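Observations on the model geometry
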Amino acid sequence: MEGQQKNKEKNKYSIIVPTYNERLNIALLVYLIFKHLRDVDFEIIVVDDGSPDGTQEIIKQLQQVYGEDRILLRARPRKLGLGTAYVHGLKHASGNFVVIMDADLSHHPKYLPSFIKKQLDTGASIVTGTRYVKGGGVHGWNLMRKLTSRGANVLAHTLLWPGVSDLTGSFRLYKKSVLEDVISSCVSKGYVFQMEMIVRASRKGYHIEEVPITFVDRVYGSSKLGGSEIVEYLKGLAYLLLQWSAIRNISSDK
Amino acid sequence: MKHIIKIITLLVAISAFWIGLLQASVIPSSHTWLLPIYFIVSLGCYGLLMVGVGLMRFPTCPQEALLLQQDIVEAKDFLKQKGVDVGGSD
Ligand SMILES: Nc1nc2c(ncn2[C@@H]2O[C@H](COP(=O)(O)OP(=O)(O)OP(=O)(O)O)[C@@H](O)[C@H]2O)c(=O)[nH]1
Ligand SMILES: [Mg+2]
């Protein structure tokens, strides 16, 4: 117990939030993060891809309120995609743990303490939020979206045996070194990226734990993914099924 | 290990079992010939069943949407006070 307390004091959490046209959402999100993470050392790294709606102005205003050392703006000139946004944010992370979450409030900061607690209790390398267990759930999806999601999960579980119940969710906490290792070997983009990350991590033998989260579909702003998601998904699945996953030395993790 | 190899191994094991059945002819071979078709059909049924069960049991959380609305109001109030521009842009 005492050891845990000490750990809690010296751990630092870098929360990477990619944004594209999320000016209202990012402000609400930052408020909620500060509300729910009171006695934790953390920084928020916003990776904004030159949003035309003025997201960056809002972030500067938030820096005035909360401090430039707590909210870091690490912008890129134009929309370069989600996967590389994480890599970019990671380069600037100073914590020993990294949290990845969306800006659109589908990932509620009230779950952050349970991620952190789960990690401290189990020593896991990755804690991933899952919507498909008791205590979890989704709100605001139509039948089509539910059908796609279930179909995708059944297919992926039958073919990949990932050992994680929610493959496409992206609300996760990583040991920084683990994220660096996993992310450097990922090649896919968009929707499949989240799945590739967790499947690779599980293949590499990292200790993964789950916590239930609820997911409320975005209230403000518009979705940046979409399009031929199903085709992309099937391609990604085939790719993950066929490629080699080299067994790397993971002793550095222990 | 290449994951696909595990799956192929599984398939090979099942085929070997099937060929064994053919050779041994414990059951009439006309039935044995149909087994792969049964196998594929039942695999498909399993998939559909899992998706169906998943859909019926899909966990929803309408109360969370309400809680989020409260959080949004609270956050907007606070941020407005602090001079962050949270009006209008939705
Ligand atoms: N920096 C950056 N952020 C992005 C990009 N695309 C999406 N994002 C952000 O990534 C997060 C997830 O994107 P969403 O559009 O919500 O994707 P989604 O959650 O699958 O789709 P929804 O169901 O509509 O929420 C949001 O915070 C976006 O602002 C990008 O190209 N660059
Ligand atoms: Mg979203």
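Residues numbered from 1 in each chain as written. Chains lettered and ligands numbered in written order. Predicted model: local features only at pLDDT ≥ 70, side-chain atom pairs only at ≥ 80, totals over all residues. Heavy atoms only, no water.

**Some remarks on the interface of chain A and chain B**
Contacts between chain A and chain B engage 46 residues on the former and 36 residues on the latter. When the two sides are added together, the surface that chain A and chain B hide from each other amounts to roughly 3600 Å², 72% of it contributed by carbon and sulfur. Across the contact surface, chain A and chain B share four salt bridges. Measuring nitrogen to oxygen at the nearest pair gives 4.0 Å for the salt bridge that ties lysine 35 of chain A to aspartate 71 of chain B. Applying the counting criterion to the chain A and chain B interface returns 10 residue pairs in polar contact (both at pLDDT 80 or more). Those elements that place two or more of their residues in the side of chain A that touches chain B are helix H2 (23-36), helix H3 (55-66), strand E6 (137-139), helix H6 (143-160), strand E9 (214-216) and helix H9 (229-242) of chain A. By residue number, the principal contributor to the side of chain A that touches chain B is H6 of chain A, which donates 10 residues. Its residues placed into classes, the side of chain A that touches chain B shows 28 nonpolar, 11 polar and seven charged. (Contact = heavy atoms within 4.5 Å. Buried area = accessible area lost by both parts, 1.4 Å probe. Salt bridge = Lys/Arg side-chain N within 4 Å of Asp/Glu carboxyl O. Polar contact = N/O pair within 3.5 Å; in protein donor to acceptor, adjacent residues only side chain to side chain. Helix = DSSP H or I, 4+ residues; strand = E, 2+ residues; numbered from the N terminus. Nonpolar A, V, L, I, M, F, W, Y, C, P; charged D, E, K, R; others polar.)

**Side note on the nonpolar core**
The biggest cluster of nonpolar side chains holds 49 residues, and the ones touching the most others in it are Ile15, Ile26, Ile33 and Leu62 of chain A together with Leu79 of chain B. When residues of this core are traced back to their parent elements, those giving at least two are strand E1 (12-19), H2, strand E2 (41-48), H3, strand E3 (71-73), strand E4 (97-100) and helix H5 (112-122) of chain A together with helix H3 (62-81) of chain B. Among the elements that take part in this core, H2 of chain A stands out by supplying 10 residues, more than any other. Each residue touching leucine 79 of chain B, except ones within four places of it in the same chain, is listed here: Ala27, Leu28, Tyr31, Leu62 and Tyr66 of chain A together with Val84 and Val86 of chain B. One finds Tyr86, Val178, Met195 and Ile198 of chain A within the second-largest nonpolar core, a separate group that totals 37 residues. (Core = buried A, V, L, I, M, F, W, Y, C linked by side-chain atoms within 4.5 Å. Buried < 20%, exposed > 50% of the residue type's maximum accessible area, 1.4 Å probe, protein only.)

**A closer look at the confidence of the model for chain A**
Parts of the prediction with low pLDDT should not have their coordinates interpreted in detail. The predicted model of chain A has a mean per-residue pLDDT of 88, with 89% of residues at 70 or higher. Contacts for the low-pLDDT stretch residues 245-254 of chain A, under 50 throughout, to residues beyond four places or in other chains number 13 contacts. (pLDDT = per-residue confidence, 0-100.)

**A few points about the sheet that holds strand E5 (residues 126-130) of chain A**
Within a beta sheet, neighbouring strands are joined by backbone hydrogen bonds and run either parallel or antiparallel to one another. Residues and elements named next belong to chain A. Here seven strands make up an open sheet; going across it, the order is E3-E2-E1-E4-E7-E5-E8 and the pairing mixed. Of all strands in the sheet, those with a lone pairing partner are E3 and strand E8 (208-212), marking the two edges. Strand-to-strand, the axes of this sheet are offset by a mean angle of 20°, without reference to chain direction. Across the sheet, helix H7 (residues 176-184) is in contact with E4, E5 and strand E7 (172-175); its angle to E7 comes to roughly 100°. (Pairing = 2+ DSSP bridges. Axes fitted to C-alpha atoms, helices over the stretch in contact; angles between N-to-C directions.)

**Some points on the UniProt feature "domain: Glycosyltransferase 2-like" (unreviewed entry) in chain A**
According to UniProt, the "domain: Glycosyltransferase 2-like" (unreviewed entry) feature falls on residues 14-182 of chain A. Secondary structure content for residues 14-182 of chain A is 43% helix and 20% strand, while the C-alpha to C-alpha distance between its ends is 17 Å. (UniProt positions renumbered as here; feature names shortened; annotations may be inferred.)

**Describing the UniProt feature "transmembrane region" (unreviewed entry) in chain B**
The UniProt feature table records "transmembrane region" (unreviewed entry) at residues 34-56 of chain B. Helix makes up 100% of residues 34-56 of chain B and strand 0%, with an end-to-end C-alpha separation of 33 Å.

**What to know about the side chain of threonine 128 of chain A**
Residue and element names in this part refer to chain A. As for its position among the elements, threonine 128 is in strand E5. The exposure class of threonine 128 is buried, given its relative accessible area of 0%. In this structure, threonine 128 is in contact with Phe115, Val164, Phe171, Arg172, Ile198, Ile208, Glu209, Glu210 and Val211, ignoring residues within four places of it in sequence.

**Let's talk about the packing of aromatic side chains**
Pairs of aromatic rings are described using the distance from one ring centre to the other and the angle between the two planes. The full count for this structure, using the stated rule, is 11 aromatic pairs over all chains. Geometrically, the ring pair formed by tyrosine 31 of chain A and phenylalanine 78 of chain B is tilted, given 5.1 Å between the ring centres and 45° between the ring planes. Taken together, the residues span two chains, with tyrosine 31 of chain A in helix H2 and phenylalanine 78 of chain B in helix H3. Judged by relative accessible area, which is 11%, tyrosine 31 of chain A ranks as buried. Here tryptophan 141 of chain A and phenylalanine 58 of chain B contribute two aromatic rings whose centre-to-centre distance is 6.2 Å and whose plane-to-plane angle is 50°, an arrangement assigned as tilted. (Phe/Tyr/Trp six-rings, centres within 6.5 Å; stacked < 30°, edge-to-face > 60°.)

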